[in-house]
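# Observations on the three-dimensional arrangement
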Amino acid sequence: MARYGMLIDTTKCIGCCACRVACQNQNHLPADVSLIDFHEFERGFHPCVRVETVPTQCMHCEDAPCQSVCPTAATYTDPDGIVRIDPEKCIGCKYCMAACPYQARVVDHRTGVFDKCRFCTLYAPLEEGMSTCLTACPAGVRLFGDLDDPESEISRRIVETNAQPIAGDLTKSKIYYVR
């Protein structure tokens, strides 16, 4: 069994939002609903200052706070470690939204369902490993793969770059960042 995750290299991100637009299109989201957010930070000191663009999304936590508070079990973790939502069970209570330390939950006002990144695995087999945000990115910022396979490209890159979860040990995130 695999444990899937993603590596996001912020040193490559140009802030073009192609990943967000592709995600919105793939998931048929309205223009005001996005499963990917962008944050900008100034790094360095004059005269060597740069703007770092940091895309964030659901971190697919192993110890998902959103799952533990869901009264209907609409939020669950599948055998591959991907945190999912069963829209038929979601009652729109907002507990998951309040519990997520990453503010990665959004409401689709058309359905009342609280949505989040799903690694686009609802639409493509996991073996293909191609979430829409990966294929849309012109800078190669994202990498998806099996975190438990030490020979996988993602595992090697995490070690090579010393990538870390964005919030340290706040949760057991499956999204790693190069910063």
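Attention here is on the structure that accompanies the text. Note that the structure is predicted; figures quoted are calculated from it, not measured.

What follows covers the sheet that holds strand β9 (residues 175-178). Across the sheet, three strands lie side by side as β8-β1-β9; this open sheet has mixed pairing. Of all the strands in the sheet, just β8 (142-146) and β9 have a single pairing partner and so form its edges. Pairs of neighbouring strands in the sheet enclose a mean axial angle of 20°, with direction left out of account. Two elements, strand β1 (residues 4-9) and β9, share four bridges in a ladder whose sense is parallel. Bridge pairing in β9 places M6 opposite I175. Against the sheet, helix α5 (residues 153-161) makes contact with β1, β8 and β9, and its axis sits at roughly 120° relative to β8, the strand it touches most.

Let us now look at the pattern of salt bridges. Scanning all chains against the criterion turns up eight salt bridges. With a closest N to O distance of 2.6 Å, E52 and R43 form a salt bridge. Taking relative accessible area as the criterion, E52 reaches 1% and is therefore assigned buried. Taking relative accessible area as the criterion, R43 reaches 31% and is therefore assigned partly exposed. D115 is paired through a salt bridge with R118; the nearest N and O atoms lie 2.5 Å apart. Judged by relative accessible area, which is 14%, R118 ranks as buried. Salt bridges linked by common partners bring R3, E62 and D148 together as one network.

Residues I154, S155, R157 and I158 constitute the buried set of α5. Projected onto a plane normal to the axis of α5, the buried residues spread over an arc of 165° and lie on a single side. The outward face of α5, more than 90 degrees from its buried face, is lined by the exposed residues V159 and E160. Residues of α5 that are buried sit in contact with β1, β8 and β9. Where α5 terminates, the next one or two residues include N162, which has phi positive at roughly 55°.

Okay, the pairing of strand β2 (residues 37-45) next. Both β2 and strand β3 (residues 48-56) contribute to a ladder of nine bridges, which runs antiparallel. Bridge pairing links R43 to R50 in β3. Following β2, the chain reverses through two residues before pairing antiparallel with β3.

Evaluation of the coordinates by the stated rule reveals zero disulfides. For C19, which is in no disulfide, the shortest distance to another cysteine sulfur is to C133 and amounts to 6.3 Å. Owing to a relative accessible area of 7%, C19 belongs among the buried residues under this scheme.

Taken together, the buried positions of helix α1 (residues 18-26) are occupied by C19, A22, C23 and Q24. Within two residues after α1, H28 carries a phi angle of roughly 55°, on the positive side.

What follows deals with the nonpolar core. Counting residues in each nonpolar core, the largest one holds 36 residues, and the members touching the most others are M6, F119 and I175. Secondary-structure elements contributing two or more residues to this core are β1, α1, β6 (106-108), α4 (132-136) and β9. Per-element tally for this core: the top contributor is β1, with three residues. For I175, the residues in contact, after removing those within four places along its chain, are M6, I8, Q57, C58, M59, F119, P165 and I166. The next biggest cluster of nonpolar side chains, apart from the first, holds eight residues, and it includes I154, I158, Y176 and V178.

Quick notes on the rules
Residues numbered from 1 in each chain as written. Predicted model: local features only at pLDDT ≥ 70, side-chain atom pairs only at ≥ 80, totals over all residues. Heavy atoms only, no water. Pairing = 2+ DSSP bridges. Helix = DSSP H or I, 4+ residues; strand = E, 2+ residues; numbered from the N terminus. Axes fitted to C-alpha atoms, helices over the stretch in contact; angles between N-to-C directions. Contact = heavy atoms within 4.5 Å. Salt bridge = Lys/Arg side-chain N within 4 Å of Asp/Glu carboxyl O. Buried < 20%, exposed > 50% of the residue type's maximum accessible area, 1.4 Å probe, protein only. Arc of directions from axis to C-beta. Disulfide = S-S within 2.5 Å. Core = buried A, V, L, I, M, F, W, Y, C linked by side-chain atoms within 4.5 Å.

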